[in-house]
Amino acid sequence: MNVKMNIAVVDAGAEPERLPSHGRRLAGSIDISIKKARTARFFDMPTGEIGKLSQPAGPLYQIEASNGGLITFPGGVPIKGADGTIIGAIGVSGSLVENDDAVARAGAAAAGG
């Protein structure tokens with residue numbers, strides 16, 4: 001893709017494991033990548049799916065204000081182990097949300113092995 005992104009990985013307890021920076025050190029982007037990863041792990045679903053449920057009149061409306069601040073747009077994806085158990089999550093920020101989501105999905109697939 002040739003874009004600069006921040007990638008955060010959290011463990012099964014939603015604690016940050018890795019935060020490699022790929023040439024972009026914007027504090028806001030780093031924070032968003034961590035929150036995307038934690039949100040995906042807290043709810044064991046991609047953040048874009050949570051976003052669909054959190055629209056006005058949706059069952060999770062305003063959930064982003066809970067848990068110390070969640071991110072409900074694409075770019076956070078749970079990581080599953082070989083046996084299907086969720087072992088963590090990945091969050092990506094720094095590009096268009098479509099790119100963030102594609103990289104997060106690829107990273108989750110690679111990490112899940």
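Check the entry above for the structure.
First things first, this report covers the structure right here in the doc. (Residues numbered from 1 in each chain as written. Predicted model: local features only at pLDDT ≥ 70, side-chain atom pairs only at ≥ 80, totals over all residues. Heavy atoms only, no water.)

## What about the overall build of the chain?
Stage number 1. When helices and strands are counted, the chain shows three helices and four strands.
Stage number 2. Taken against the 2.2 N^0.38 rule, which gives 13 Å for 113 residues, the C-alpha radius of gyration of the chain at 13 Å falls within 12% of a compact globule.
Stage number 3. Taking the principal axes of the C-alpha coordinates as reference, the chain spans close to 40 × 35 × 25 Å.
Stage number 4. The buried share among the 113 residues of the chain stands at 37%.
Stage number 5. Carbon and sulfur atoms make up 55% of the accessible area of the chain, which totals about 5900 Å². (Helix = DSSP H or I, 4+ residues; strand = E, 2+ residues; numbered from the N terminus. Rg over C-alpha atoms; globule rule 2.2 N^0.38 Å. Buried < 20%, exposed > 50% of the residue type's maximum accessible area, 1.4 Å probe, protein only. Areas by Shrake-Rupley, 256 points an atom, 1.4 Å probe, with all protein chains shown as cover.)

## A few points about the pairing of strand 3 (residues 76–80)
Stage number 1. When you tally the buried positions in strand 3, you get four out of five residues, the bulk of the element.
Stage number 2. Note: strand 3 against strand 4 (residues 86–93), five bridges, orientation antiparallel. Its bridge partner being in strand 4, Ile79 is matched across the sheet by Gly88. (Pairing = 2+ DSSP bridges.)

## So, the side chain of Ser29
Stage number 1. With respect to the element layout, Ser29 can be found in helix 1 (residues 27–43).
Stage number 2. Residue class for Ser29 comes out buried when judged on its relative accessible area of 7%.
Stage number 3. Of note is the side chain of Ser29, whose polar atom sits 3.1 Å from the side chain of Asn6. (Polar contact = N/O pair within 3.5 Å; in protein donor to acceptor, adjacent residues only side chain to side chain.)

## With respect to helix 1
Stage number 1. For helix 1, spanning 17 residues, the distance from its first C-alpha to its last is 24 Å, which sits close to the expected 24 Å at 1.5 Å a residue.
Stage number 2. Of all the residues in helix 1, the buried ones are Ser29, Ile30, Ser33, Lys36, Ala37, Thr39, Ala40 and Arg41.
Stage number 3. Of the surrounding secondary structure, the elements contacted by the buried residues of helix 1 are strand 1 (6–11), helix 2 (47–53), strand 3, strand 4 and helix 3 (97–112).
Stage number 4. Asp44 sits one or two positions beyond helix 1 and adopts a positive phi of about 50°. (Expected span 1.5 Å × (residues − 1). Contact = heavy atoms within 4.5 Å.)

## Description of the side chain of Thr72
Stage number 1. The residue Thr72 is located in the loop between helix 2 and strand 3 in this model.
Stage number 2. With residues near it in sequence (within four places) discarded, Thr72 still touches Thr47, Ile50, Gly51, Ser54, Ile63 and Glu64.

## So, the pairing of strand 4
Stage number 1. Within strand 4, seven of the eight residues are buried, leaving the element largely enclosed by the surrounding structure.
Stage number 2. In the sheet, strand 1 pairs with strand 4 via six bridges, with the strands oriented antiparallel. Within the sheet, the bridge partner assigned to Asp11 lies in strand 4 and is Gly88.
Stage number 3. Joining the antiparallel neighbours strand 3 and strand 4 is a turn of five residues, in which Gly84 adopts a positive phi near 90°.

## Observations regarding unusual backbone geometry
Stage number 1. One non-glycine residue, Asp44, lies in positive phi territory at about 50°.
Stage number 2. Within the chain, Ala57 stands out as a residue other than glycine whose phi angle is a positive 75°.
Stage number 3. Relative to the helices and strands, Ala57 is located in the loop between helix 2 and strand 3.
Stage number 4. Given a relative accessible area of 85%, Ala57 falls into the exposed group.

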